[in-house]
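# Notes for the structure review
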Amino acid sequence: ITSAAYIPTATNPVAQQRMRALNVPVTASATNIALNTTATASSYTGSNTPAKAVDGSNKTRWRCANGAGCWLALDFGTNKVLTQTDYDEQGNKITGYTIEVSRDGTTWETVRGLSMSADVANFDKVTARYLRIVITSVSSIEPALNEFKVYAVTSGSSRTLGSGTISIDW
């Protein structure tokens, strides 16, 4: 972002400054919106149901009955502006995954701008009611998620640029 703006300084309350910031992150809320939401899955084993992946406990888990290709989907009830997922895994069996979103629970698309750092996935802001993680590769059968977390964009996120603060909401 490069912008000319009027930002006050200590010596000039109407100073015009040119600001520049690269890769300004969108601020996600600190609230896990996946907590206790409706969860479904392609499969599960025993008592390791999909709901256990979003119950707030690392002592419970959703365990997929098969390996690669299994998925866990969440229904937030209404559209949310999403930007990040995170998961706690049992056994480090997941070696690849994608994050998909849907507005109707039927048509799914992979999120854009996806950058993954192991269990955390950041992506371009997207509005959707449903989100799912599709496990694309595993090191062993029956991967398990102890907890799957999703974060939404906070309204009116602000970011300090230069010597002033500009509030950006897009």
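Use the structure listed above.
Residues numbered from 1 in each chain as written. Predicted model: local features only at pLDDT ≥ 70, side-chain atom pairs only at ≥ 80, totals over all residues. Heavy atoms only, no water.

## Quick word on the overall build of the protein chain
Helix and strand counts for the protein chain stand at 0 helices and 12 strands. Secondary structure elements of the protein chain, listed N to C terminal, follow the sequence β-β-β-β-β-β-β-β-β-β-β-β. Burial analysis of the protein chain (170 residues in total) assigns 39% to the buried set. When the accessible area of the protein chain is evaluated, it comes to approximately 9,100 Å², of which 47% is carbon and sulfur surface. (Helix = DSSP H or I, 4+ residues; strand = E, 2+ residues; numbered from the N terminus. Buried < 20%, exposed > 50% of the residue type's maximum accessible area, 1.4 Å probe, protein only. Areas by Shrake-Rupley, 256 points an atom, 1.4 Å probe, with all protein chains shown as cover.)

## A short note on the state of the cysteines
Overall, the coordinates contain 1 disulfide when judged by the stated rule. Here Cys 64 is linked by a disulfide to Cys 70, with a sulfur-sulfur distance of 2.4 Å. On the basis of relative accessibility, which here comes to 0%, the residue Cys 70 falls in the buried class. (Disulfide = S-S within 2.5 Å.)

## Quick look at the packing of aromatic side chains
Counted under the stated rule, the structure contains 2 aromatic pairs. Here Tyr 87 and Tyr 97 contribute two aromatic rings whose centre-to-centre distance is 5.3 Å and whose plane-to-plane angle is 80 degrees, an arrangement assigned as edge-to-face. Here Tyr 87 is found in strand E5 (residues 71–90), whereas its partner Tyr 97 is found in strand E6 (residues 94–102), with 10 residues between them in sequence. Geometry around Trp 71 places Arg 132 over its ring, the cationic atom sitting 5.4 Å from the centre. (Phe/Tyr/Trp six-rings, centres within 6.5 Å; stacked < 30°, edge-to-face > 60°. Lys NZ or Arg CZ within 6 Å of the ring centre and 35° of its normal.)

## Focus on the environment of Leu 35
Here Leu 35 lies in the loop between strand E2 (16–20) and strand E3 (38–41). Leu 35 gets classed as partly exposed once you look at its relative accessible area, which sits at 42%. Expressed as a C-alpha distance, the spacing of Leu 35 and Ala 53, which sit 18 residues apart in the sequence, is 8.7 Å. In this structure, Leu 35 is in contact with Val 54, Asp 55, Gly 56 and Glu 147, ignoring residues within four places of it in sequence. (Contact = heavy atoms within 4.5 Å.)

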